Amino acid sequence: MAATGVDKVFDELGKMSVLDLVELKKKIEDEWGITAAAPVAVAAPGAAAAAGDGAAAGGEEQSEFDVVLTNAGDKKIQVIKVVRAITSLGLKEAKDLVDGAPSPVKEGVAREEAESIKSQLEEAGGAVEIK
């Protein structure tokens, strides 16, 4: 059976590193004017409203999180690349952020996005906290 174009693209995606996938995501967002974060932003207020009185009675649950790079680790260049992909900062600004660790990478994001950013930075070799 001959491989289709979709199969070929799927196979190539499987061979890509996380950094390549982050760059691909950014390029798709820039090229087509879409964002992968939009569904999370739309879903978060609805989820908070659904919790309603239950959340108020037990104290409010945190809905916004800050991702803080605590240490760049041994692979500082890889961490800088991920910071640039996540934040759209220039090279100098991303390097300054990494060199100044502990530094906030993203603030006020949903838990899912914070966890995604944390895993990307940890895979690149950085140490990260979510506050």
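All figures in this text were calculated on a predicted structure; none of them were measured in a lab.

Draft legend 1. Summary view of the pattern of salt bridges. Per the counting criterion, the structure on display carries seven salt bridges. Salt-bridge contacts for lysine 118 lead to glutamate 122; the nearest nitrogen and oxygen are separated by 4.0 Å. Of this pair, lysine 118 and glutamate 122 both sit in helix H6 (residues 111-124), four residues apart, roughly one helical turn. On the basis of relative accessible area, glutamate 122 is assigned to the partly exposed category, the value being 39%. Across the pair glutamate 129 and lysine 131 runs a salt bridge whose closest N-O atoms are separated by 3.7 Å.

Draft legend 2. Quick peek at the packing of helix H4 (residues 76-87) against H6. Viewed as axis vectors pointing N to C, H4 and H6 meet at an angle of 155 degrees, and their least axial separation amounts to 8 Å. Classified by the interaxial angle, the pair formed by H4 and H6 is roughly antiparallel. Taken as a pair, H4 and H6 cross one another with a handedness that is right-handed. Counting all contacts with H4, which are made through Gln78, Val79, Val82, Val83 and Ile86, the residues of H6 involved are Ile117, Gln120, Leu121 and Ala124. In terms of residue class, the contact of H4 with H6 is made up of seven nonpolar, two polar and no charged.

Rules of the game
Residues numbered from 1 in each chain as written. Predicted model: local features only at pLDDT ≥ 70, side-chain atom pairs only at ≥ 80, totals over all residues. Heavy atoms only, no water. Salt bridge = Lys/Arg side-chain N within 4 Å of Asp/Glu carboxyl O. Helix = DSSP H or I, 4+ residues; strand = E, 2+ residues; numbered from the N terminus. Buried < 20%, exposed > 50% of the residue type's maximum accessible area, 1.4 Å probe, protein only. Axes fitted to C-alpha atoms, helices over the stretch in contact; angles between N-to-C directions. Parallel < 35°, antiparallel > 145°, perpendicular 65-115°, else oblique. Left-handed = near helix turned anticlockwise from the far one by under 90°. Contact = heavy atoms within 4.5 Å. Nonpolar A, V, L, I, M, F, W, Y, C, P; charged D, E, K, R; others polar.

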